[in-house]
Every structure is written in C-alpha cells, then in structure tokens.
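Understanding the architecture of this molecule
Residue strings, one per chain:
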Amino acid sequence: MGERALVIVPTYNESENVTRIVPLILAQDSRLDVLVVDDNSPDGTGQLADQLAAADPRVHVLHRAGKEGLGRAYLAGFKWALERDYAFIFEMDADFSHDPGHLPEFLAAIRDTDLVLGSRYRDGKVTVVNWPMTRLMLSYGANIYARAVTGLRLGDATGGFKCFRREVLMAIPLDQVRSNGYAFQIEMSFRAWKRGFRIAEIPIVFHDRTEGESKMSKRIVREAIWMVWRLRWWAITGNA
Ligand SMILES: Nc1nc2c(ncn2[C@@H]2O[C@H](COP(=O)(O)OP(=O)(O)O[C@H]3O[C@H](CO)[C@@H](O)[C@H](O)[C@@H]3O)[C@@H](O)[C@H]2O)c(=O)[nH]1
C-alpha cells in the first residue's frame, strides 16, 4: 500500500469556491489527490471540476444524478477511494471553512492514529471565526448532547474536516451508515470508536464561508437529535 491520500470534497453549488480550493489543496503535499463529488449542481460546479481534472491528473470528479445530501456524497467518495490505492482518505468542505493549510498537520497526525478529527473545540478553546452566536451555540450544544447520549468522548464530534486511515473505512459497513447531515459525522466517528480504532483530535480554525450558501436545514438538525439515540441503542445491542 502506498502513502497516497485522497481529499474528498463534496460540492453543491460551489462554483465560486471549487476552482480556488482545489489547487490550494494540491499545493499542500505532493501525496494528495482530490476527488470532487458533485450532485449535479445547477450552477455548473461539476463542469468546472471537470476542467480542473482535464488539466491535472491528481484531480478526479464523481458526478451524481442529484442532490442527496453530504453523507451520501461522502459514502460514494469513500467507495471510490477504496477501489483505489489510497492509504489516507480525507473529508473536507469546499467553502474554505476548512483551511487547506491544516492538511499537513493531519498527515503528520495520522501516522500515529487511525482517525484524525479537526476540532473547533479543543481543550476548552473555541476556534471558530465569523459564525453567528446562534450557530455557535447550536454546534457547541450539539456536541455536549452527543457526548452525553453516545459516550463518545470528543471535543468536536460534528466537525467535518477529518482524515481516515483506509482500514477504518474498510471495517465500517458503509452500506449500513444511516445519517446524512451533522449526524453523519457523529455516526462515522462512533462506528470507528466502537471498532476499537484510535481517534485523535487536532485543533483547527474554522472560518464561516464567505461565498455560496450553507445547506444546513431543520431536517439535518432533527436527524442529529434522534440519531444519537439510535447510536446509543446500537451500542447497547452490539449493532454499531
Ligand atoms: N455533493 C453534495 N455536497 C453537498 C451537499 N450538501 C452540502 N454539500 C457540500 O458539503 C460541504 C459543506 O456544506 P455546508 O452546507 O456548507 O455545510 P455546513 O452546514 O457548514 O456544515 C459543515 O459543518 C458541520 C459542522 O458544523 C459539519 O457537520 C458538516 O459536515 C460540514 O463540514 C460543502 O462543500 C457543500 O457544497 C449535497 O447534498 N451533495
């Protein structure tokens, strides 16, 4: 197994961001490839990604028929990665919330662990820039709630900047992963933890997007509220 890493970037209407973020990712480390997973964005993000891929063999694009949510896009990306020879597989937003400059820190940290999480809430410090107070409170509160219900001892269980060792994704039954929004992040880390994989958190600075729009919805919040109880049930019944 080589040491190549794949950064999966799900996109839906990210035309202002995709052409800027991809080159910045590639510039961080020569071992990194990028997979853009686009859900047929009406604003032409998928075609822009195709142009990037035509110009650079380290860029790949997975086109999906329609918008199915962030979790489904990542699961498709994980399967694509596992069919190829990537040792490390990243999740990363397209909208610059996740600074590509952190990628080398993840690559260093994954050497000694199985799953690295970029944490906005580490050691009691909040490293979030430009979020409205309501969003920050929702996110911080969601983490306290998720910890209390699932027992997953993480500072930032809902964060979406992560690096998986390939073996983690191979061990998780991807076809059984249920959730799609913030809960998707909790579910993936929970399933890794229940399988005995090591999880490390590294501090990241999270910037609110300046271009395009968040796809957060009430449905995504509702899913996170009930999903943690499902995870707890799975832990009790041994189905996690
Ligand atoms: N392909 C695809 N991509 C999507 C979809 N929905 C969102 N995305 C992409 O997923 C990334 C994050 O989407 P946002 O809508 O900006 O997410 P967010 O609400 O800010 O959530 C982020 O922070 C959460 C924690 O606060 C994380 O839980 C979440 O994973 C994400 O990182 C962006 O690149 C966006 O284009 C979808 O249905 N399909």
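The written sequence of each chain sets the order in which its residues are numbered from 1. The model is predicted, so local features are restricted to residues of pLDDT at least 70 and side-chain atom pairs to those at 80 or more, both for listing and for counting; the totals for chains, interfaces and linings are taken over all residues. Each side-chain value is worked out from all heavy atoms of the structure, with water and hydrogens disregarded.

Right, let's get into the packing of aromatic side chains. Centres within 6.5 Å make a pair out of two Phe, Tyr or Trp rings, where for Trp the six-membered ring is used; the pair is then stacked when the planes are under 30 degrees apart, edge-to-face when over 60, and tilted otherwise. Inspection of the entire model under this criterion finds 10 aromatic pairs. Judged by centre distance (5.1 Å) and plane angle (90°), the ring pair of Tyr121 and Tyr140 falls under edge-to-face. Of the two residues, Tyr121 is situated in strand β6 (residues 121-122) and Tyr140 in helix α5 (residues 133-150); the sequence distance between them amounts to 19 residues. For every residue, the accessible area (1.4 Å probe, protein chains only) is compared with the maximum for its type, and the residue is labelled buried under 20%, exposed over 50%, or partly exposed between those bounds. By relative accessible area, which is 5% here, Tyr121 ends up buried. Residue classification places Tyr140 among the partly exposed residues on the basis of a relative accessible area of 36%. By way of ring pairs, the aromatic residues Tyr74, Phe78, Phe164 and Phe184 are connected into one cluster. Any Lys NZ or Arg CZ found within 6 Å of a ring centre and within 35 degrees of that ring's normal is scored as a charge over the ring. For Lys67, the ring lying beneath its charged end belongs to Tyr12, and the centroid distance is 5.2 Å. For the cation-ring pair, Lys194 lies above Trp193, with the distance from its terminal atom to the ring centre recorded as 4.5 Å. Strands here mean DSSP runs of E at least two residues long; helices mean DSSP runs of H or I at least four residues long; both are numbered from the N terminus.

The subject of this paragraph is the UniProt feature "domain: Glycosyltransferase 2-like" (unreviewed entry) in the protein. The sites that UniProt annotates as "domain: Glycosyltransferase 2-like" (unreviewed entry) are residues 7-170. Note that residues 7-170 is 40% helix and 22% strand, and that its end C-alpha atoms are spaced 17 Å apart. UniProt positions are given in the numbering used here, feature names are shortened, and annotations may be inferred rather than shown by experiment.

Take the packing of α5 against helix α8 (residues 218-237) next. Note on geometry: axes are lines fitted to C-alpha atoms, helical ones only across the stretch in contact, with angles between N-to-C directions running from 0 to 180 degrees. Running from amino to carboxyl end, α5 crosses α8 at an angle of 15°, the nearest separation of the two axes being 9 Å. Comparing their axes, α8 and α5 come out roughly parallel. In this structure, α5 crosses over α8, and the sense of that crossing is right-handed. Contact residues: α5 offers Leu138, Tyr145, Ala146, Ala148, Val149 and Thr150, while α8 offers Val221, Ala224, Ile225, Val228, Trp229, Leu231 and Arg232. In this classification, the charged set is Asp, Glu, Lys and Arg, the nonpolar set is Ala, Val, Leu, Ile, Met, Phe, Trp, Tyr, Cys and Pro, and all remaining amino acids, among them Gly, are polar. The class makeup of the residues in the contact of α5 with α8 is 11 nonpolar, 1 polar and 1 charged. Orientation categories follow fixed angle ranges, with anything under 35 degrees roughly parallel, anything over 145 roughly antiparallel, 65 to 115 roughly perpendicular, and all other angles oblique. Crossing handedness follows the turn of the near helix against the far one: under a right angle anticlockwise gives a left-handed crossing, and clockwise gives a right-handed one. We call two residues in contact when some of their heavy atoms are within 4.5 Å.

Of note in the backbone geometry, Phe96 takes a positive phi value of approximately 70° without being a glycine. One non-glycine residue, Asp123, adopts positive backbone phi at about 55°. With respect to the helices and strands, the residue Asp123 is situated in the loop between β6 and β7 (125-126).

Moving on: the environment of Gly155. Checked against the element boundaries, Gly155 lands in the loop between α5 and β9 (162-165). As for Gly155 and Ala94, which are separated by 61 residues in sequence, their C-alpha atoms are 23 Å apart. Dropping the residues within four chain positions of it, Gly155 is found in contact with Ser119, Tyr121, Asn143, Arg147 and Glu201.

One heavy atom within 4 Å of a molecule or strand is enough for the residue carrying it to be called near that molecule or strand. In the neighbourhood of the ligand, 26 residues make up the surrounding shell, with Pro10, Glu14, Thr158, Arg209 and Lys215 lying closest. In the environment of the ligand, a nitrogen atom lies 3.1 Å from a nitrogen or oxygen atom belonging to the backbone of Thr11. The term polar contact refers here to a pair of N or O atoms within 3.5 Å; inside protein, the definition further demands a hydrogen-donor-capable atom paired with an acceptor-capable atom, and it admits residues adjacent in sequence only when both atoms are side-chain atoms. Within the contact set of the ligand, an oxygen atom lies 3.3 Å away from a side-chain nitrogen or oxygen of Arg135. Those elements giving two or more residues to the shell around the ligand turn out to be β1 (5-11), α3 (70-82) and α7 (182-194). Along the lines of polarity and charge, the residues of the shell around the ligand split into 9 nonpolar, 7 polar and 10 charged.

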